[in-house]
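What follows is each chain in one-letter form.
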Amino acid sequence: MSTRHFLTLLDMTPAELQGIIERAVELKRMRNEGEIYEPLKNRVMAMIFEKASTRTRVSFETGMAQFGGHAMFLSPRDTQLGRGEPIEDSARVISSMVDVVMIRTFSHALVETFAAHSRVPVINALTDDYHPCQLLADMQTYFELRGSIKGKTVAWVGDGNNMCNSYINAAVQFDFNLNIACPEDFAPNAELVLKNADRVRVFNSPEEAVAGADLVCTDVWASMGQEDEQRQRVREFRGYQVSPALMDQAAEDALFMHCLPAHRGEEISEDMMDDPRCVAFQQAENRLHAQKALLEFLLVTSK
Ligand code: CP
Ligand code: NVA
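This write-up is about the structure you can find in this document. Every value quoted in this text rests on a predicted model; they were computed, and no experiment measured them. Sequence order sets the numbering: in each chain, residues are counted from 1 along the sequence as written. All chains are assigned letters beginning with A, and all ligands numbers beginning with 1, in the order in which they are written. Where local features are concerned, this predicted model is filtered to residues with pLDDT of at least 70; where side-chain atom pairs are given and counted, the filter is 80 or more; whole-chain, interface and lining totals use all residues. As a convention, hydrogens and water are excluded, and side-chain values are obtained from all of the structure's heavy atoms.

Moving on, we get to the site of ligand 1. Any residue with a heavy atom positioned within 4 Å of a molecule or strand is treated as near that molecule or strand. Taken together, S53, T54, R55, T56, R104, H131, Q134, C259, L260 and R287 are the residues near ligand 1. S53 places a polar side-chain atom, nitrogen or oxygen, 2.7 Å from an oxygen atom of ligand 1. Polar contact is defined as a pair of N or O atoms within 3.5 Å, subject to the rule that within protein one atom must be able to donate a hydrogen and the other to accept it, and that residues adjacent in sequence are counted only when both atoms are side-chain atoms. Contact between ligand 1 and H131: an oxygen atom at 2.9 Å from a side-chain N or O atom of the residue. Per-residue and other accessible areas follow the Shrake-Rupley method at a 1.4 Å probe size, with only the shown protein chains counted as cover for residues. With the chains in place, 95% of the 260 Å² that ligand 1 exposes on its own is no longer accessible. Any residue that is not Ala, Val, Leu, Ile, Met, Phe, Trp, Tyr, Cys, Pro, Asp, Glu, Lys or Arg is counted as polar, Gly included; the first ten are nonpolar and the last four charged. When its residues are assigned to classes, the shell around ligand 1 shows two nonpolar, five polar and three charged.

Below, the discussion takes up the environment of A262. Counting from the N terminus, the helices are DSSP H or I runs at least four residues long and the strands are E runs at least two residues long. In this fold, A262 is placed in the loop between β9 (255-258) and α11 (280-301). Note: C-alpha distance between A262 and W221 (41 residues apart in sequence) is 9.7 Å. We call two residues in contact when some of their heavy atoms are within 4.5 Å. Discounting residues that sit within four places of it in the chain, A262 has contacts with E267, I268 and M273.

Take S118: it is sitting in the loop between α4 (108-116) and β4 (122-124). Taking relative accessible area as the criterion, S118 reaches 9% and is therefore assigned buried. Once residues within four sequence positions are removed from consideration, S118 is found in contact with H5, A91 and S95. Each residue is placed in one exposure class: buried if its accessible area under a 1.4 Å probe, protein chains only, is under 20% of its type's maximum, exposed if it is over 50%, and partly exposed if it falls in between.

Looking at ligand 2, the residues that line it are L126, N161, N162, D219, V220, S223, M224, C259 and L260. N161 places a polar side-chain atom, nitrogen or oxygen, 3.4 Å from a nitrogen atom of ligand 2. One of the side-chain N or O atoms of D219 is found 2.6 Å from a nitrogen atom in ligand 2. Here ligand 2, which alone exposes 270 Å², has 94% of that area covered by the protein. Partitioning the shell around ligand 2 into residue classes produces five nonpolar, three polar and one charged.

Next up on the list: the sheet that holds strand β2 (residues 70-74). Strands are labelled as partners when DSSP assigns at least two bridges between them. The sheet built from four strands is open, its strands ordered β2-β1-β3-β4 with parallel pairing. Strand pairing shows two members of the sheet lacking a second neighbour, β2 and β4, which therefore form its edges. Neighbour-to-neighbour, the strand axes of this sheet turn through a mean angle of 20 degrees, independent of strand direction. Examined bridge by bridge, strand β3 (residues 100-104) and β4 share three bridges and lie parallel to one another. Counted as the bridge partner of M102 is I123 from β4. The strands touched by α11 are β1 (44-49), β3 and β4; relative to β4, the strand with the most contacts, the crossing angle is about 155 degrees. In this analysis, axes come from line fits to C-alpha atoms, helices being fitted only over the stretch in contact, and the angle between any two N-to-C directions falls in the range 0 to 180 degrees.

Looking now at the nonpolar core. By size, the foremost hydrophobic cluster in this structure holds 57 residues, and its most contacted members are F6, Y167, F176 and L178. Apart from residues no more than four positions distant in its own chain, F176 is found in contact with M139, I149, G151, K152, V154, Y167, A170, A171 and R199. Among the nonpolar cores identified, the runner-up in size contains 27 residues, and A209, V216, F237 and F256 belong to it. Only buried residues count toward a nonpolar core. Its members are Ala, Val, Leu, Ile, Met, Phe, Trp, Tyr and Cys residues joined through side-chain atoms within 4.5 Å.

This part is about helix α6 (residues 162-174). Working rule for helices: expected span equals 1.5 Å times residues minus one. End to end, α6 covers 18 Å across 13 residues, agreeing with the expected 18 Å (1.5 Å per residue, within 8%). Of all the 13 residues making up α6, 12 are buried; the element is thus mostly covered by neighbouring parts of the structure. For α6, the complete set of buried residues consists of N162, M163, C164, N165, S166, Y167, I168, N169, A170, A171, Q173 and F174. Measuring from the side-chain oxygen of the N-cap residue of α6 to the backbone nitrogen of M163 gives 3.0 Å; that N-cap residue is N161.

Pasting the structure below:
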């Protein structure tokens, strides 16, 4: 079988994704009960980070350790990647020694090129275009708290960024409707929206997008790499803040998610994280469990 990669949610079938979510719930239970399970003994993961991270690094590194394996942090500052060694050569070399590679970088094309030259599975741990690992955790969290998301309505409020694009893919793979509210100049990938027009609708008003939604999500207004635009974006996104009052317009049992880090007073009101509908910290913890399930799938189950 050819090497499986996880660059976007579309690299898995809906059944495989559902399997990973259910396995994540099981792995969480096992960890909480202190059960030792080490399917990746002696296996090594290379973690290439060209952007900052708290959750992604801690969850992958911890997951590999709990599975009996090892994770190696590689920063371009300290490797030849940062000195212009071709990505193709780096992929051939690194993948000849390790068992799986995780990459967080700017260009999605870079991750695709790396994967094309890698002998081992490559995981996209965030690019400018997609953040599929976060969606595994988000879908696990919804599943734990509310059951199947099939047929439900999710509202995305704010920037049409990497997270928003991944929510469009999730709408397809997990079979839900997605309402996106964003300022006109900050819409998600137009091709993706058009291709999925049967389930994805774009609004200019958060109130319209959120009306009756079962899940409301947002993210920072300026993503990593957009620091120079921060001030301008704060102006452009005024009116797109998620607050308990906005949540009141969603369904009665609606949940609120944020991939974190959060900027209180910008994309969320000061009190949103303390609202009982906010499940952002469960969502953050689930990065660990969902990615362990992903690693097990790529390195054990699908082999
Ligand atoms: N949500 C997320 O990916 O967090 P980090 O940037 O801290 O990894
Ligand atoms: N959209 C954000 C997500 C951070 C996890 C960014 O790319 O910085």
